[in-house]
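The primary structure of each chain is shown beneath.
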Amino acid sequence: MKKYILFILSGFLTTSCIDTVVLPDDITIGEDMWKSRDDVSAMVNSAYKAMCSEGVIERCIVWGSFRSDELNPIVQTFNNGKETALRDIKAGNMTHNNLYADWASFYNVINKCNLVLERAPGVVNIDPSYTVNTLNTDRSQMLALRSLCYFYLVRAFRDVPVTPGAYFVSSQSFEIPQQAPVTVLNKCIADLEEAIKTPLSPLGYTDWRRVGYLNREGIAALLADVYLWRGSMTHDAGDYQKCVEYCDVVLNSKKQSTSDDFMLQDRKWPNLIYNGSEVYRNVFIQGNSRESIFELQMDGRNDDNFGLRNSYWNYDERARSNGLMRASLNFNEAGDDYIYIKDKDYRWYESCYNVKSSDQTELDVFKMVSTQTTGNDETPQKPVTSKVARPYADVGQNWIVYRLSDVMLMKAEALVQLAPEAEVAQDDSESAVGEADVLLTAFTLVNEVNKRSLALTTLGDADTLKFSTYNTKAAMEELVLDERLRELCFEGKRYFDLMRYNYRHVEGIQADKILANISSDAKAMVKNYGPMMELMTRGMSEGNAAAMFKMPTEPFLYFPVLNSEIKVNSLLKQNPAYKENDAYVKN
C-alpha cells in the first residue's frame, strides 16, 4: 500500500505565520518528540508527504509544463483566480501577486528536511534501535529532498533565499537575502554529493518504497539534472561530463536491478524494460514501474494528487469536465512538421484525447488522466474520443519525478554538448571522427526511446530515425529536445528543457549574481534566443507574437517575488522584469 505516513501523530500539522516558512507545531519540537526511531521516521515521511501537496504538484506542472508550448489555459471563463493567473502567465502579463509565484509549499518541505537534519542525530544516543546507519540513510534522503526543492525554486525564480537551518518559532529571524543561481546550485551539488555516499539501496525494498524514497538512483538522477542545468547556464563542459557520469550510475544500476526481468525473455532494448504497448499501463496506471526512479506516492486515501486533478481533469467540486489547462493543438497531428513524426507512435495517442481531429480547438490531456490504456496495437491505431471519468476525491495517481527514459535523454543532451564543434560528423578529420563517436552515442540513446514507441513489430528504414539526418551538433541538439517533448510531455519537464536550450545559445549570463544586482532595467539584460522563444509560444491559440515581445530577456523567463514576501523580508529584491520605478506593473 502506498503511503508516506506510516503512523499518524495526533495534531501533526503545521501552521504558518508568514508565507516563506511554515513553522512546526509544538508536538514536532516538544520534549516528547525526537525520542525514538519512530519519531524520526514520522518526520521523514512528513517531509515526503508535504512534497505531495496540492501546492507543490500544481507548481511542478505550471512551472515545468504550462509555461511551455505544451499547454494553454482553458477557454471557458468561471472567474477563477487560478485561471486568471494562468492567463497572465501565458500572455506575459504576470505581476507580483500571481498565485503561482507563491513558493511557500516548497519552503515547507525544506523546513521539514532541516528539522530532521538537525534533530535526528540526537536520537542515536537515546534509542538504541536508531543506528548510525539508519541516521545516515535518513540524512541522505533529507539532503536530496531539500536539494530537489531548491532546484525547483532556482528554475522557477532564479534567485532564491537559502534558509540557514530549521525554523522552530516565529521569533526567529526571517530576514534572508536571495542567493545567485550558481551559489544555490553549488549547494545542491555539495549536498547531493554527500547524500550519495550513504544512500538507500535501490534493492532495499520491493514495495512502493523502492521508488517512493530517494535512493542512490534517485540522487544520481537529480545530480545529473542539476549538473545539466548548471552546465547550460555557465557553458561548462565539465558539468556536462558529470551529468553523463551520473546518468551512467542510474543506467548501470537499472540494468543490474532489472536483470531478472529478462531471464525468461529476450531483452529487446539495451536500457529500457517495457515494449511500447506496455509502457502506459505499467508507468502511468499501475505506477512504481521497473522503469521508475523516483515517484511521489499518492494512494487516494492519505495522499491525493489534487494538483494533477486540478490541472488536467477537474478543478473544482462542481463536476467540471476539464482541468485548468488543456493541451495545445501542436499535439493534434502527426508528421514531419509536428511533435510526433509517425502516426504509429503509441505516445501520440497516449498524450491527448481526440488527436487527429479536424474540428478540435483544444485537446484534453490523456496522459496520467486516463485509468485505461488506448487499446492500440500494431493494427490501425485510433485516438481515444471518450474521456474516462475520474472522481474529484480519492485521486491515487503518483507524480513521477524521474524515470528511465528521462535519464537516457539527459545523457544524450549532455553528450551532444560534449561533441566538438564541426560542420558534419562524417569526414576523415580527427575532430569530425570524435564528434561522430559522441553524437552517435547520443543518437543511439534517443533512437532506443523512439523505436520502442512505434507500433510496428518489424521496423524498416522508413520507420526509424536516421543518424545521417542528425549528424551535426545543432541537428542532434534539436532531436534530443524534440524527443524529450514526445516522451515526457505534461510531466513538468518541457519549460525547463527550453530554458536550458536558451542558455546554451546566449552569451553574457551572470549566473553568479542576482538579477537585481545586474541591472534595474530588465530589458537591457541578455536577450533570449529567438528560436527558443518561438518554440515556447508556438502552442498559444492567440497572442504568441505579443507574448514574445513582452518577454525579451532572461528576467522575464522567471517568476516575480510575491510582494507579500518582500513586505516580511526586507532583504529580498524584486526581479527587475516586474519592477519599474519601484512600482509593480504588468509587463
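Every residue gets a number counted from 1 within its own chain, in the order that chain's sequence is written. Thresholds applied to this predicted model are a pLDDT of at least 70 for local features of residues and 80 or more for the giving and counting of side-chain atom pairs; totals over whole chains, interfaces and linings are not thresholded and use all residues. Hydrogens and water molecules were not included; the side-chain quantities draw on all heavy atoms of the structure.

A closer look at the overall build of the protein
Phase 1 of the analysis: Of the regular secondary structure elements, the protein holds 21 helices and six strands.
Phase 2 of the analysis: Categorising residues by exposure relies on relative accessible area from a 1.4 Å probe, with only protein chains included: less than 20% of the type maximum marks a residue as buried, more than 50% marks it as exposed, and the intermediate range marks it as partly exposed. Taking all 587 residues of the protein together, 61% fall into the buried category.
Phase 3 of the analysis: Accessible area for the protein stands at about 22500 Å²; split by element, carbon and sulfur atoms hold 48% of it. Going along the chain from the N terminus, every DSSP run of H or I of four or more residues is numbered as a helix, and every run of E of two or more is numbered as a strand. Accessible surface is estimated by sampling points in the Shrake-Rupley manner with a 1.4 Å probe; for residues, cover comes only from the protein chains shown.

Topic: the pairing of strand β4 (residues 292-296)
Phase 1 of the analysis: A large share of β4 lies buried, amounting to five of its five residues.
Phase 2 of the analysis: Pairing of β4 with strand β6 (residues 399-403) involves four bridges; the strand directions are antiparallel. When the sheet's bridge partners are listed, Ser292 is paired in β6 with Arg403. Criterion used throughout: strands pair if DSSP finds at least two bridges between them.

Observations concerning the packing of aromatic side chains
Phase 1 of the analysis: Working definition: rings of Phe, Tyr and Trp (its six-membered ring) pair if their centres are within 6.5 Å, and the pair is stacked with planes under 30 degrees apart, edge-to-face with planes over 60 apart, and tilted otherwise. Under the defined criterion, the tally for this structure stands at 27 aromatic pairs.
Phase 2 of the analysis: Aromatic pair Trp63 and Phe559: ring centres 6.1 Å apart, planes at 50°, arrangement tilted. Of the two residues, Trp63 is situated in helix α3 (residues 54-66) and Phe559 in the loop between α20 (544-550) and α21 (563-568); the sequence distance between them amounts to 496 residues. Of the two residues, Trp63 and Phe559, both sit in the buried class.
Phase 3 of the analysis: Site record: aromatic cluster; members linked through ring pairs are Trp63, Trp103, Phe106, Tyr107, Tyr150, Phe151, Tyr152, Phe157, Trp229, Phe496, Tyr503 and Phe559.
Phase 4 of the analysis: By definition here, charges over rings are those cases where NZ of Lys or CZ of Arg is within 6 Å of the ring centre and within 35 degrees of the ring normal. Sitting over the ring of Phe559, Arg67 keeps its end group 5.0 Å from the ring centre.

Comments concerning the side chain of Asp191
Phase 1 of the analysis: Along the chain, Asp191 turns up in helix α7 (residues 181-195).
Phase 2 of the analysis: Exposure remark for Asp191: the relative accessible area of 10% places this residue in the buried category.

Some points on the state of the cysteines
Phase 1 of the analysis: Two cysteine sulfur atoms make up a disulfide if the distance between them is within 2.5 Å. For the structure shown, the criterion picks out zero disulfides.
Phase 2 of the analysis: Unpaired in terms of disulfides, Cys352 finds its nearest cysteine sulfur in Cys489, a separation of 6.6 Å.
Phase 3 of the analysis: Assessed through its relative accessible area of 0%, Cys352 is described here as buried.

With respect to helix α11 (residues 279-286)
Phase 1 of the analysis: Looking at α11, one finds that the buried residues are Val279, Tyr280, Asn282, Val283 and Phe284.
Phase 2 of the analysis: Just past α11, the residue Gly287 takes up positive phi, approximately 75°.

Structural notes on the packing of α3 against helix α4 (residues 81-91)
Phase 1 of the analysis: Only the stretch in contact is used when fitting a helix axis, every axis being a line fitted to C-alpha atoms; angles between N-to-C directions are given from 0 to 180 degrees. It is the contact of α3 with α4, at a shortest axis distance of 12 Å, that shows an interaxial angle of 25°. In terms of axis orientation, α3 runs roughly parallel to α4. Between α3 and α4 the crossing geometry is right-handed. When α3 is examined against α4, the residues Glu54, Glu58, Val62 and Phe66 are found in contact with a partner set consisting of Lys82, Leu86, Ile89 and Lys90.
Phase 2 of the analysis: Each residue gets one label: Ala, Val, Leu, Ile, Met, Phe, Trp, Tyr, Cys and Pro are nonpolar, Asp, Glu, Lys and Arg are charged, and the others, such as Gly, are polar. By residue class, the composition of the contact of α3 with α4 is four nonpolar, no polar and four charged. Under this scheme an angle from 65 to 115 degrees is roughly perpendicular, one under 35 degrees roughly parallel, and one over 145 degrees roughly antiparallel; angles in between are oblique. The sense of a crossing depends on the near helix, which, turned anticlockwise from the far helix by less than a right angle, makes the crossing left-handed and, turned clockwise, makes it right-handed. Residues are treated as being in contact if the distance between any of their heavy atoms lies within 4.5 Å.

A few points about the nonpolar core
Phase 1 of the analysis: Side-chain atoms within 4.5 Å are what join buried Ala, Val, Leu, Ile, Met, Phe, Trp, Tyr and Cys residues into a set we call a nonpolar core. By size, the foremost hydrophobic cluster in this structure holds 177 residues, and its most contacted members are Trp63 and Tyr312.
Phase 2 of the analysis: Top contributing element to this core by residue count: helix α6 (residues 132-157), with 14 residues.
Phase 3 of the analysis: Contacts of Tyr312, omitting those with residues within four sequence positions, involve Ile61, Ser65, Leu71, Gly323, Met325, Val365, Met368, Val369 and Phe490.

Structural notes on the environment of Pro164
Phase 1 of the analysis: Looking at where Pro164 falls in the secondary structure, it is placed in the loop between β2 (160-161) and β3 (178-179).
Phase 2 of the analysis: Judged by relative accessible area, which is 73%, Pro164 ranks as exposed.
Phase 3 of the analysis: Along the primary structure Pro164 and Ile176 are separated by twelve residues, whereas in three dimensions their C-alpha atoms are 8.5 Å apart.

Thoughts on the confidence of the model for the protein
Phase 1 of the analysis: Here pLDDT means the predictor's own confidence in every residue, given as a number from 0 to 100. When pLDDT is averaged across the protein, the result is 89; 89% of the residues are at 70 or more.
Phase 2 of the analysis: Every residue in residues 5-21 is under pLDDT 50, and counting partners more than four places away or in other chains gives 44 contacts.
Phase 3 of the analysis: Taken together, the stretch residues 427-431 has pLDDT below 50 and engages in four contacts with residues farther than four places along the chain or on a different chain.

Points about the environment of Gln76
Phase 1 of the analysis: Following the sequence through the fold, Gln76 ends up in the loop between β1 (71-73) and α4.
Phase 2 of the analysis: Assessed through its relative accessible area of 27%, Gln76 is described here as partly exposed.
Phase 3 of the analysis: For the pair Gln76 and Asn322, spaced 246 residues apart in sequence, the C-alpha to C-alpha distance is 9.8 Å.
Phase 4 of the analysis: Leave out the neighbours within four places in its chain, and Gln76 touches Glu83, Arg87, Asn322, Arg326 and Glu362.

Focus on helix α9 (residues 216-234)
Phase 1 of the analysis: End to end, α9 covers 27 Å across 19 residues, agreeing with the expected 27 Å (1.5 Å per residue, within 8%).
Phase 2 of the analysis: The buried fraction of α9 is high, at 17 of 19 residues.
Phase 3 of the analysis: Definition of a polar contact: a pair of N or O atoms within 3.5 Å, with one able to donate and the other able to accept a hydrogen when the atoms are protein atoms, and with sequence-neighbouring residues admitted only if both atoms are side-chain atoms. Where α9 begins, the capping side chain belongs to Asn215, and its oxygen is found 3.0 Å from the backbone nitrogen of Glu217.
Phase 4 of the analysis: Phi for His235, located one or two positions after α9, is positive at around 60°. What a helix is expected to span follows from its residue count: subtract one and scale by 1.5 Å.

Digging into the packing of α9 against helix α17 (residues 494-504)
Phase 1 of the analysis: At their nearest, the axes of α9 and α17 sit 7 Å apart, and the two run at 35° to each other. Contacts between α9 and α17 pair Asp225, Leu228, Trp229, Ser232 and Met233 from the former with Phe496, Met499, Arg500, Tyr503 and Arg504 from the latter.
Phase 2 of the analysis: For the contact of α9 with α17, a count of residues per class yields six nonpolar, one polar and three charged.

Section: the pattern of salt bridges
Phase 1 of the analysis: One speaks of a salt bridge when a side-chain nitrogen belonging to Lys or Arg is within 4 Å of a carboxyl oxygen belonging to Asp or Glu. Scanning all chains against the criterion turns up 36 salt bridges.
Phase 2 of the analysis: Between Lys49 and Asp303 there is a salt bridge whose closest N-O contact spans 3.0 Å. Residue Lys49 is found in helix α2 (residues 37-51), and its partner Asp303 is found in the loop between β4 and α12 (306-312); the two are separated by 254 residues along the sequence.
Phase 3 of the analysis: Of the residues examined, Asp303 reaches a relative accessible area of 4% and is grouped as buried.
Phase 4 of the analysis: Measuring nitrogen to oxygen at the nearest pair gives 2.8 Å for the salt bridge that ties Glu491 to Arg403. Of this pair, Glu491 sits in the loop between α16 (473-488) and α17 while Arg403 sits in strand β6; the two residues are 88 residues apart in sequence, bridging distant segments of the chain.
Phase 5 of the analysis: For Arg403, a relative accessible area of 3% puts it in the buried group.
Phase 6 of the analysis: Through salt bridges with shared partners, a single ionic network connects Glu291, Asp345, Arg347, Lys367, Arg403, Arg452, Glu483, Arg486, Glu487 and Glu491.

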